[in-house]
Amino acid sequence: ATSAPSVPRSAAPILPKAMAPSRISTLAKHVRAPQQELDIEDLAKRAWPEATAASSSCSSSGSCGDCGCSSGESQGAGLQALPVAAASPKPSFQDAKLPEIKNAEEYLASLRNRNVEVIVLGEVVKNFVDHPLVWPSVNCVAETYRLGSDDPELGTAIGFSGYRVSRFLHIAESAEDLVKQGLMQRELGRRTGSCFQRCVGMDASNAIWGTSYDIDQKHGTKYHERFRAFMAMCQSKNYVLGGAMTDAKGDRSVSAGKQEDPDMFVHVHAKKPDGTVVLRGCKMHQTGTLNSHWMLIMPGQRLESSEKAFAISCAVPVDAKGLTYIYGRQSCDLRAMEGSEIDQGNAKFGGQETIVIFEDVEVPPEYIFMDGEYEFCQSLVERFTAYHRRSYICKAGLGDVMLGAAATVAEYNGVAKASHIKDKIIEIAYLNENIGGTALAANYAGKAMPAGNFLPDVLLANICKHNVTKFPYEIARLTQDLAGGIVVTLPADKDFQHDVAGPLLEKFMKSKKGVSTEHRRRILRLIENMTMGRNAVGYLTESLHGAGSPMAQRVLIQRLMNLEHKKGLAKKLAGIVE
């Protein structure tokens, strides 16, 4: 079985906002949790007012929020409020306990000397941290710890365990917590111009926190206690958590249980007498998993009663026996191995995606948070996507970098004062703030869940993500427009060092007086990097497909827009009586 550290079991639960000492700011007071007890059915009725518990059903075999139904919610579970006696004031930042990993240097040290192998470009790599293709992504995660040191109010929080940890490990206890998550994500997008890889784990932990509680209420299980203990352990270490939801899927026309090869979806292949489960399958497009300490496994779609083996949510250490990692290619990635810092565009930071194969991976019962409760899979997916779709505020941070690059290249070209140039830069800012604004709105409108943590507004979260499937592409187009054709024809850095070509390039690459050729090359390479190079993975394609492709958001928007009520508003004003 997988070896694992001992896990404390005495961590107190997070309480609903109405029961705990106030920690919410004046700005967020209007989203304080109501005094009455909340339950999962109430949440479903608020989300889909036209639906009833009796008629909730779904025929979709899609995944990652393709369907917006609430058929996975418990019916009449009789959820109980958490005990007020468990509430206790949290320590101040100065008095909070310090975790094992306190800074970026300690994080980097924690990744070394682990029994983790990854296949990169057809070769097995044991020390991936210093591999030139991988290092920018490792450094990107390290930046989340640097933010915690530079701005602890934004980058860290005091967890329910009493430790001061990265905000990515914090369970959101208020709408203010959700807002701070978003502000942190945008700031990290600004600092890295890339995917910093920790949003999936943060969103997965918040989704599992609430869903494990709901399962316990219906089935009398101990999943929430286990998950609370697991998160307390992670907070004491200040670990990085990865989230794993997307399966290989195989034939998309049939569900998990009807696949010719069951390994197309991660599933429980066998169980041991002590409750240990043995997993087989594959998770695709796993962001930052190698750079994590643990990954949270989740089902990716609604399941039927015959598909209980696929209804598994658990925690697996990244170095568990039976895991195989295959590193994903990125556009222009080999430039990191050519030796030129300029030609990389952004040599410091980058994203990471791997394919993770599970071959008889053993998970002991203390790390299992769902095992066969298929009716809660849709609920878990919907909650995760609500968290994750508003997490795309990170793209507003990258958009801030794009706005700066667009303005800089226009200035270097000597056209910054032209009215049509100004208008394009204004359009970039307009589009970018639409992303940031809808994400913040979803966070400010967050509500308390039965387990005590806060969930962002589901409709606004989907509006945010749907904006993200479109606006970064237009921002990229406008920035390339301002950069000119040289963004795709710029010679290599080695050409500028050449005895013959170098002086010629220096002469003919001149632009506005006072602007060095090197500076012009650097901003052009950054634009290339973010719109068609390595970091275009995170800024463009991930914006399209991450957290569900565009139609997934449109399905949710259709279900949540409360059309009948709004038709009634129009008819009332028009004097129509039916």
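Details of the structure are given in the entry above.
These remarks concern the structure in this document.

Rules of the game
- Once a new chain begins, its residue numbering starts again from 1 and follows that chain's sequence as written.
- Per-residue local features are limited, in this predicted model, to residues with pLDDT of at least 70; the limit for side-chain atom pairs, both in listing and counting, is 80 or more; totals at the level of whole chains, interfaces and linings are taken over all residues.
- Values shown for side chains rest on all heavy atoms present in the structure; no hydrogens or waters enter the calculation.
- Only runs of H or I of at least four residues qualify as helices and only runs of E of at least two qualify as strands under DSSP, and these elements are numbered from the N terminus.
- Partly exposed residues are those whose accessible area sits between 20% and 50% of the maximum for their type, while under 20% is buried and over 50% is exposed, using a 1.4 Å probe and protein chains only.
- We call two residues in contact when some of their heavy atoms are within 4.5 Å.
- Note that accessible areas follow from Shrake-Rupley with a 1.4 Å probe, and for residues the cover is restricted to the protein chains shown.
- At least two DSSP bridges between two strands are required for those strands to pair.
- Only the stretch in contact is used when a helix axis is fitted, and all axes are lines through C-alpha atoms; the angle between N-to-C directions ranges over 0 to 180 degrees.
- Here a pair means two rings of Phe, Tyr or Trp (six-membered ring of Trp) with centres within 6.5 Å. Their orientation is stacked below 30 degrees between planes, edge-to-face above 60, and tilted elsewhere.
- Put simply, a charge is over a ring when the Lys NZ or the Arg CZ is close to the ring centre, within 6 Å, and near the line of the ring normal, within 35 degrees.
- One speaks of a salt bridge when a side-chain nitrogen belonging to Lys or Arg is within 4 Å of a carboxyl oxygen belonging to Asp or Glu.
- Oblique is the label for every angle not falling under 35 degrees (roughly parallel), over 145 degrees (roughly antiparallel), or within 65 to 115 degrees (roughly perpendicular).
- Two helices crossing with the near one rotated counterclockwise from the far one by less than a right angle form a left-handed crossing, whereas a clockwise rotation gives a right-handed crossing.
- Any residue that is not Ala, Val, Leu, Ile, Met, Phe, Trp, Tyr, Cys, Pro, Asp, Glu, Lys or Arg is counted as polar, Gly included; the first ten are nonpolar and the last four charged.

A separate point is the overall build of the chain. Scanning the chain from N- to C-terminus turns up 20 helices and 14 strands. With 578 residues in all, the chain has 56% of them scored as buried. Counting contacts in the chain only where the partners sit at least 6 residues apart, residues at least 24 apart contribute 79% of the total. For the chain, the exposed area adds up to about 23,500 Å²; of that, 53% sits on carbon and sulfur atoms.

Looking now at the sheet that holds strand β5 (residues 241–244). Sheet architecture is open: four strands sit in the order β5-β8-β9-β12, paired in mixed fashion. Bordering the open sheet on either side are β5 and β12 (368–371), each of which pairs with just one other strand. Strand after strand, the sheet turns through a mean of 25° between neighbouring axes, direction not considered. Taken together, the four bridges between strand β8 (residues 294–297) and strand β9 (residues 312–317) define a ladder with antiparallel strand orientation. By the bridge assignment for β9, L296 is matched with A315. The strands touched by helix α7 (residues 223–237) are β5, β8, β9 and β12; relative to β12, the strand with the most contacts, the crossing angle is about 145°.

The tally for this structure, following the rule as stated, stands at eleven aromatic pairs. Centre to centre, the rings of F227 and F230 are 6.2 Å apart; their planes meet at 35°, and the pair counts as tilted. A residue pair is termed a helical-turn pair when its members lie 3 or 4 positions apart in one helix, as F227 and F230 do in helix α7 at three residues. Since its relative accessible area comes to 0%, F230 is described here as buried. When the ring of F265 is compared with that of F310, the centres are 6.3 Å apart and the planes differ by 85°; the resulting orientation is edge-to-face. Of this pair, F265 sits in the loop between β5 and β6 (267–271) while F310 sits in the loop between β8 and β9, and the two are 45 residues apart along the sequence. By relative accessible area, which is 6% here, F265 ends up buried. Geometry around Y392 places K465 over its ring, the cationic atom sitting 5.3 Å from the centre. Positioned above the aromatic ring of F496, the side-chain terminus of R521 is 3.9 Å from the ring centre.

Two side chains carrying opposite charge are able to pair once their charged atoms lie near each other. Summed over all chains, the structure comprises 33 salt bridges. Here R146 ties to E143 by a salt bridge, and the two come within 2.7 Å at their closest N and O atoms. In this pair, R146 and E143 both sit in helix α3 (residues 135–150), three residues apart, roughly one turn of the helix. Of the charged contacts, one joins E518 and R522 as a salt bridge, the two residues approaching to 2.9 Å between their closest N and O atoms. One end of the pair, E518, and the other, R522, are both in helix α17 (residues 517–531), four residues apart, so they sit about a helical turn from each other. Assessed through its relative accessible area of 36%, E518 is described here as partly exposed. Overall, R522 belongs to the partly exposed group, its relative accessible area being 30%. In the salt-bridge network here, residues are joined through shared partners; they are R186, E187, R190, D400 and E433.

Viewed as axis vectors pointing N to C, helix α10 (residues 394–412) and helix α13 (residues 471–483) meet at an angle of 20°, and their least axial separation amounts to 8 Å. With respect to each other, α10 and α13 are oriented roughly parallel. Taken as a pair, α10 and α13 cross one another with a handedness that is left-handed. Together, M402, A406 and V409 of α10 and I475, A476, T479, L482 and A483 of α13 make up the contact between the two elements. Within the contact of α10 with α13, the residues separate by chemical class into seven nonpolar, one polar and no charged.

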